[in-house]
Amino acid sequence: MTVSRRMLLRMGLALAGLRGASLGVFSASADQPAGEASQPVWRHGLSLFGDLKYPPGFARFDYVDTNPPRGGSVRQGAMGTFDNFNMVPAGVKGNLAAGIQLIHDTLLLPSLDEPSSEYGLVAEALSYPPDFSSVTYRLRPQARWHDRAPITPEDVVFSFDTFKQHNPQLSAYYRHVVKAEITGEREVTFIFDTPRNRELPMILGQLAVLPKHWWQGRDGSGASRNVTATTLEPPLASGPYRIRSFEAGRTVIYERVKDYWGEDINVRRGCNNFDAMRFDYFRDPTSAFEAFKAGDLDWRVEYSAKSWATGYDFPALAEGRVVLEEFPIRNMGIMQAFAFNIRRGKFKDPRVRCAFNFAFDFESINKQIFYGQYERISSYFQGTELASSGLPQGKELELLQGLRRLVPEEVFTTAYSNPVGGSDEAARKNLLHAVELLSQAGFSVRDMRLIDLATNEPMKVEFLIQNPAFKPIILIYKAGLERLGVEVTIRLVDPTQYENRLREWDFDVVVNSWIETLSPGNEQRDYWGSTAAQTPGSRNIIGIRNHAVNALIDRVVFAGSRPELVAACRALDRVLLWNHYVVPQWTYQKLRTARWDRYGRPQVMPRYGVSAFPTIWWRDSRSVAKGGDSGG
């Protein structure tokens, strides 16, 4: 599912949430018995893993408090800047404001205590034919925009058409949806270009609905609005929050909508308990950390192993006013890596890319910088059952045999593993192997410089980063690469420059991550597919154009059972690994958090919700004694 790093990591958009090829029988609980074959069976939710946990008419999710306190506010930090409240051009233009997902409702909403299930929000029910060639959503009659106008099928069609046409990531995500059409007073049907893609009904459920009448109207100055342009005009929406105020590039504050139409919908009960949510922007993590220690931020996710090990020694922690807590991550895996731009000739040969991996001494970096907290990533589906290991067998081997002439032979003969360093002896051995690989690829060292013998050009590599925390790590990596004769520079740029250079593919190597849910699917095309490699703004920043990868993505998307999905993902994993598109980095299977002790939460937390903050949390009544309201 993405939440998309930007979607789980950055934007938090429900647009790219749960993704998955399906299981043998796509489960969806029927709210009424099937009649004749021509009669639709309306369902209140969907599951990719089996039966839905919650029956029709359920009161609330089990993981929310039955009567949580409401009120107060919470302040969180964000990096860089923002200049946009419009989700449509996100990834192509501008920097989207943190928290913008708070103002938008989607057709369905995911459950956090099931691995891959969604229930009706704007849509009260859905129906699809046995061959999954389409899906129809029936809207709730009470669904309203913040201006009290009803949410209509016209709004849903407008939203789908707009996102598909103008958002590259979602265009790839919706590529198999031919059209959306109004088929009833409150019904919208999405037509697919091929049957058997069982994930598509859920994908459409994640659609954020936009108000057609507002976007086709005029702004306060009388100018026509442009849904494809960035804007700092707070948009009309339908969610539990609206934008109350903002300071461009620095702060945005959301307020809870007191007459929110979905207040009593079962999937919203017990959620969204804060009256205000504030996001303050900082130039770098250090300044954000100092703001947290000063009490100017309430909640913090800690990504630095060093800070987690040594930085939380200020008085408020010793006094119990600040709480540190780790939440297990069970709902996703991750590939975080140094990613090559293989559109550039110097990275075309996989042996060159592999040599870069042998120059990276993770074990030494883990000891020197990370206090031994991390483990090395060895799979694109790290931390899930979808990760490959050992040699391929069974269905996985069968899939790969059909592509044998298109994939590296090591896929069949050698279990993938990263080089192991950690000592001078191991580092020398790894660098010698890197020299051998580079020689095979047509490179040679002359006067301490690595030269491409075909072009007589020296190997120069720029690491483009926006987070200064990576600089000391790359400096250690740089020392190893320079011993091979590689000329290395590090370019630290602001978030806007960084995004622009990524969109234009103007980079050598960047740090990137790809989130994988427990049920991958159509988003794999945007990650690794050939079409996405040629689409500016896509997540195939590497530039992968590989027939075997495309074929295995299709097997993932059209898997007819859970075992088929697992086999296809593992096969895809092996092919990606053995092409050495990245130098894998490290992972930590828990979310490190710090918070001022002003907040309460349900006693039993959702298994797949990680921290679920701030969705199901609330302002603790003890907060007055602990420093009062945090403002906003």
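Residues numbered from 1 in each chain as written. Predicted model: local features only at pLDDT ≥ 70, side-chain atom pairs only at ≥ 80, totals over all residues. Heavy atoms only, no water.

Trainee: Before we move on, can you summarise the pairing of strand β8 (residues 187–192) with the specific residues and values?
Mentor: Alignment of strand β6 (residues 134–139) against β8, held across 5 bridges, turns out to be antiparallel. Pairing of Y137 across the sheet is with V188, part of β8. As judged from the 6 bridges shared by strand β7 (residues 177–184) and β8, these two strands associate in the antiparallel manner. The residue of β8 that forms the bridge with E181 is T189. Count of turn residues in the β7/β8 antiparallel hairpin: 2 residues. (Pairing = 2+ DSSP bridges. Helix = DSSP H or I, 4+ residues; strand = E, 2+ residues; numbered from the N terminus.)

Trainee: With reference to specific residues and values, describe the nonpolar core.
Mentor: L107, Y137, F190, Y254, F356, W528 and I542 are the most contacted members of the largest nonpolar core, which totals 178 residues. Ranked by residue count, the leading element in this core is helix α18 (residues 562–578), at 11 residues. In this view, F190 contacts L107, S133, S134, V135, Y137, V156, F160, V177, K179, A180, L204 and L207; residues no more than four positions away in its chain are not counted. Counting residues in hydrophobic clusters, the runner-up holds 13 residues, among them F282, Y312, F314 and A316. (Core = buried A, V, L, I, M, F, W, Y, C linked by side-chain atoms within 4.5 Å. Buried < 20%, exposed > 50% of the residue type's maximum accessible area, 1.4 Å probe, protein only. Contact = heavy atoms within 4.5 Å.)

Trainee: Explain the environment of V509 to me, and be specific about the residues and the numbers.
Mentor: Tracing the backbone through its elements, the reader meets V509 in strand β21 (residues 509–517). Sequence-wise, V509 and F340 are 169 residues apart; in three dimensions their C-alpha atoms are separated by 4.8 Å. Ignoring anything within four residues of it in the chain, the contact list for V509 reads F338, A339, F340, F347, V461, E462, F463 and L464.

Trainee: Report on the pattern of salt bridges, specifying residues and quantitative values.
Mentor: In this structure the tally under the stated criterion is 37 salt bridges. Notably, a salt bridge pairs E487 with R449, separated by 3.7 Å at the nearest N-O pair. In this pair, E487 is assigned in strand β20 (residues 487–492) and R449 in strand β17 (residues 449–452), connecting sequence segments 38 residues apart. On the accessibility criterion, E487 (35% relative accessible area) is partly exposed. With a relative accessible area of 38%, R449 lands in the partly exposed category. One salt bridge connects R539 with D526, and the closest N-O pair in it is separated by 2.7 Å. Remark: D526 occurs in helix α15 (residues 523–528) and R539 occurs in the loop between α16 (530–533) and α17 (547–557); sequence separation between them is 13 residues. (Salt bridge = Lys/Arg side-chain N within 4 Å of Asp/Glu carboxyl O.)

Trainee: Describe in detail the packing of α17 against α18, supporting the description with residues and values.
Mentor: α18 packs onto α17 with a crossing angle of 160 degrees between their chain directions and a minimal axis gap of 8 Å. Considering the angle they form, α17 stands roughly antiparallel to α18. The hand of the α17/α18 crossing is left-handed. Residues A548, V549, L552, I553, R555 and V556 of α17 lie in contact with α18, whose contacting residues are L565, A568, C569, A571, L572, V575 and L576. (Axes fitted to C-alpha atoms, helices over the stretch in contact; angles between N-to-C directions. Parallel < 35°, antiparallel > 145°, perpendicular 65-115°, else oblique. Left-handed = near helix turned anticlockwise from the far one by under 90°.)

Trainee: Please set out the sheet that holds β8 residue by residue, giving values where relevant.
Mentor: A sheet is described by the order of its strands in space; here 4 strands give the open sequence β5-β6-β8-β7, paired in antiparallel fashion. At either margin of the open sheet sits one strand with a lone partner, and together these are β5 (123–127) and β7. Averaged over neighbouring strand pairs, the angle between their axes works out to 20 degrees when direction is ignored. Strands in contact with helix α1 (residues 153–166) are β6, β7 and β8; relative to β7, the strand with the most contacts, it is inclined by about 170 degrees.

Trainee: Now, about the confidence of the model for the protein: what can you tell me, with residues and values included?
Mentor: Model confidence for the protein is summarised by a mean pLDDT of 91, while 92% of its residues fall at 70 or above. Low pLDDT, under 50, characterises residues 1–37; the stretch is placed with 153 contacts to residues that sit more than four places away or in other chains. Of the regions scoring below 50 in pLDDT, residues 624–631 engages in 17 contacts with residues more than four places distant in sequence or in other chains. (pLDDT = per-residue confidence, 0-100.)

Trainee: With reference to specific residues and values, describe the sheet that holds β17.
Mentor: The 3 strands lie next to each other as β16-β17-β18, forming an open sheet whose pairing is antiparallel. Two strands lie at the open edges of the sheet, namely β16 (443–446) and β18 (457–458), each paired on one side alone. The pairing of β17 with β18 spans 2 bridges and is classified as antiparallel. Across the sheet, D452 pairs through a bridge with E457, a residue of β18.

Trainee: Which residues make up the packing of aromatic side chains, and what values do they have?
Mentor: Scanning the model with the defined rule gives 48 aromatic pairs in all. Seen in terms of ring centroids, Y254 and F279 are 6.0 Å apart; in terms of plane orientation they differ by 85 degrees. Their pairing is edge-to-face. Here the residue Y254 occupies a position in strand β10 (residues 251–256), and F279 occupies one in strand β11 (residues 276–282), the gap between them amounting to 25 residues. Classification of Y254 as buried rests on a relative accessible area of 0%. On the basis of relative accessibility, which here comes to 9%, the residue F279 falls in the buried class. With 6.0 Å between their ring centres and 85 degrees between their planes, F347 and F356 make a pair best called edge-to-face. Given a relative accessible area of 0%, F347 falls into the buried group. An aromatic cluster is built from F338, F360, F370, Y374, F463, F470, Y477, W586 and Y588, whose rings are joined through pairwise contacts. One cation-aromatic arrangement involves R343 over W505; the distance from NZ or CZ to the ring centre is 4.0 Å. The side chain of R592 reaches across the aromatic face of Y588, ending 4.3 Å from its centre. (Phe/Tyr/Trp six-rings, centres within 6.5 Å; stacked < 30°, edge-to-face > 60°. Lys NZ or Arg CZ within 6 Å of the ring centre and 35° of its normal.)

Trainee: Quick one: what's the story with helix α13 (residues 471–483), residue by residue and with numbers?
Mentor: An ideal rise of 1.5 Å per residue puts 18 Å on 13 residues; α13 measures up with 19 Å between its terminal C-alpha atoms. Of the residues making up α13, those classed as buried are I473, I474, Y477, G480 and L481. Positive backbone phi, at 95 degrees, marks G485, one or two positions downstream of α13. (Expected span 1.5 Å × (residues − 1).)

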